[in-house]
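If you want the building blocks of each chain, they are given just below.
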Amino acid sequence: MARILIADDRESMRTALRSAFVLRPNWEICGEATDGTEAVAKATQLKPDLVLLDFRMHQSDGLKAATQINRIMPSLPIVMYTLYKTDELEAAAKSVGVRCVVAKEDGVQPLLTAIDGELARSQVRSD
């Protein structure tokens, strides 16, 4: 069972993600965060198999959270799901440890595919 931490400041987005993730019986949402600071704390506490971060959140954004999470748990896969995907954001995100950036406007299927890929890569690394 893959344990996933979701960090997004919008309750409606977290609800939509929970609904989509139900379709993956081997995934479990182990926690949710409403900002980057909470995401770092919950990642440290819950030790998920993957963190899904929004870019723009109140208090602390996804880049700051990814930087801190990557510093604490460098092998933990981080996927960013954002309305603001640009080449510049993707480069900045990857430079702080985000493995993949997915545009929310592309829908949920590319996100599910990205998470599957990162979980598979993570499993190969840990074997």
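Above this text sits the structure in question.
Residues numbered from 1 in each chain as written. Predicted model: local features only at pLDDT ≥ 70, side-chain atom pairs only at ≥ 80, totals over all residues. Heavy atoms only, no water.

1. Topic: the pairing of strand β2 (residues 27-33)
Then, in step 1: Across 6 bridges, strand β1 (residues 2-7) lies against β2 in parallel orientation. Each bridged residue has a counterpart across the sheet, and for I6 the counterpart in β2 is E32.
Then, in step 2: Handedness of the crossover joining β1 and β2 through helix α1 (residues 11-21) is recorded here as right-handed. (Pairing = 2+ DSSP bridges. Helix = DSSP H or I, 4+ residues; strand = E, 2+ residues; numbered from the N terminus. Right-handed = clockwise from strand over helix to strand, strands pointing away.)

2. Some points on the sheet that holds β1
Then, in step 1: Pairing in this open sheet of 5 strands is parallel, and the strands run β2-β1-β3-β4-β5 from one edge to the other. Two strands bound the open sheet, and with one partner strand each, they are β2 and β5 (100-103). Looking at each pair of strands side by side, their axes are set apart by 25 degrees on average, direction ignored.
Then, in step 2: As defined by bridge partners, β1 adjoins strand β3 (residues 50-53) across 4 bridges and the pair is classed as parallel. Note that in β3 the partner of L5 across the bridge is V51. (Axes fitted to C-alpha atoms, helices over the stretch in contact; angles between N-to-C directions.)

3. A look at unusual backbone geometry
Then, in step 1: The phi dihedral of K47 is positive, around 50 degrees, even though this residue is not glycine.
Then, in step 2: With respect to the helices, strands and loops of the structure, K47 is situated in the loop between α2 (36-46) and β3.
Then, in step 3: Here the phi dihedral of Q59 falls at roughly 70 degrees; this positive angle occurs in a residue that is not glycine.
Then, in step 4: Within the secondary structure, Q59 sits in the loop between β3 and α3 (62-72).

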